Amino acid sequence: DVILHNLGRLNSIVANILNFSRIEKGSFLPSFSAVDLLALSQKTLDDLQPLFSRSGICISPASSSIPSCVIEADPEQLEQVLINLLGNAIKFTPRGGEVGITISENGRGLLLCVWDTGRGIPAEYHLKIFDRFYQVDGSITRETGGSGIGLAIVKAIVEMHGGRVWVESTPAKGS
């Protein structure tokens, strides 16, 4: 079990490094098709269920306040965005906490929110966390694993899709 767990962590780090390298070279381009964002969100939550269970974190089902969540996007790249965001939520949410995804409209398009009841992020780090190799608390990240490029990949993919990404967080209450 320990070997398999560490192999999974290593695979994730290597995949992030390879994706980041392709992003920097300009060869990580999206292939657009119709994507049901709600269905993709729920599938990703379902796929990560073993990690949530092992961490003792409850999953709130993906939800939407709008009737259709179909967009033109690259489904594999959006899944990578969700995996990276949910992976961070798992790392920084204590046992008994909760993680979920909500989709709504914000006047300019769809707003996908990955939320958690974790430790939160102090305001002075909100802009920096999407920089490559930046980690708010290196000691915790070393303990849980990570390369410091997951959120930089999220930002790059979201921007390639014409969107923007940001964090809203309150320490000790979640993000």
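What follows concerns the pattern of salt bridges. This structure, assessed with the given rule, holds two salt bridges. For lysine 43, the salt bridge goes to aspartate 47, with nearest N and O atoms at 2.6 Å. Placement of the pair is lysine 43 and aspartate 47 together in helix H2 (residues 37-47), with a separation of four residues, close to one helical turn. Residue aspartate 47 is classed as partly exposed on the basis of its relative accessible area of 45%. For lysine 43, the salt bridge identified is with glutamate 79, shortest N-O distance 3.1 Å. Of the two residues, lysine 43 is situated in helix H2 and glutamate 79 in helix H4 (residues 75-92); the sequence distance between them amounts to 36 residues. Salt bridges sharing common partners tie together Lys43, Asp47 and Glu79.

It is worth spelling out the nonpolar core at this point. In this structure, Leu45, Phe52, Leu82, Leu86, Val99 and Ile101 are the most contacted members of the largest nonpolar core, which totals 20 residues. Contributions of two or more residues to this core are made by H2, H4 and strand S5 (98-105). Look past the residues within four positions of valine 99 in its chain and what remains in contact with it is Phe52, Ile57, Cys58, Ile59, Ser60, Leu86, Ala89, Thr93, Trp115 and Asp116. Of all hydrophobic cores here, the second largest spans 16 residues; its members include Val81, Ile129, Ala152 and Ile157.

Here is what the cut-offs are and how they apply
- Residues numbered from 1 in each chain as written.
- Predicted model: local features only at pLDDT ≥ 70, side-chain atom pairs only at ≥ 80, totals over all residues.
- Heavy atoms only, no water.
- Salt bridge = Lys/Arg side-chain N within 4 Å of Asp/Glu carboxyl O.
- Helix = DSSP H or I, 4+ residues; strand = E, 2+ residues; numbered from the N terminus.
- Buried < 20%, exposed > 50% of the residue type's maximum accessible area, 1.4 Å probe, protein only.
- Core = buried A, V, L, I, M, F, W, Y, C linked by side-chain atoms within 4.5 Å.
- Contact = heavy atoms within 4.5 Å.

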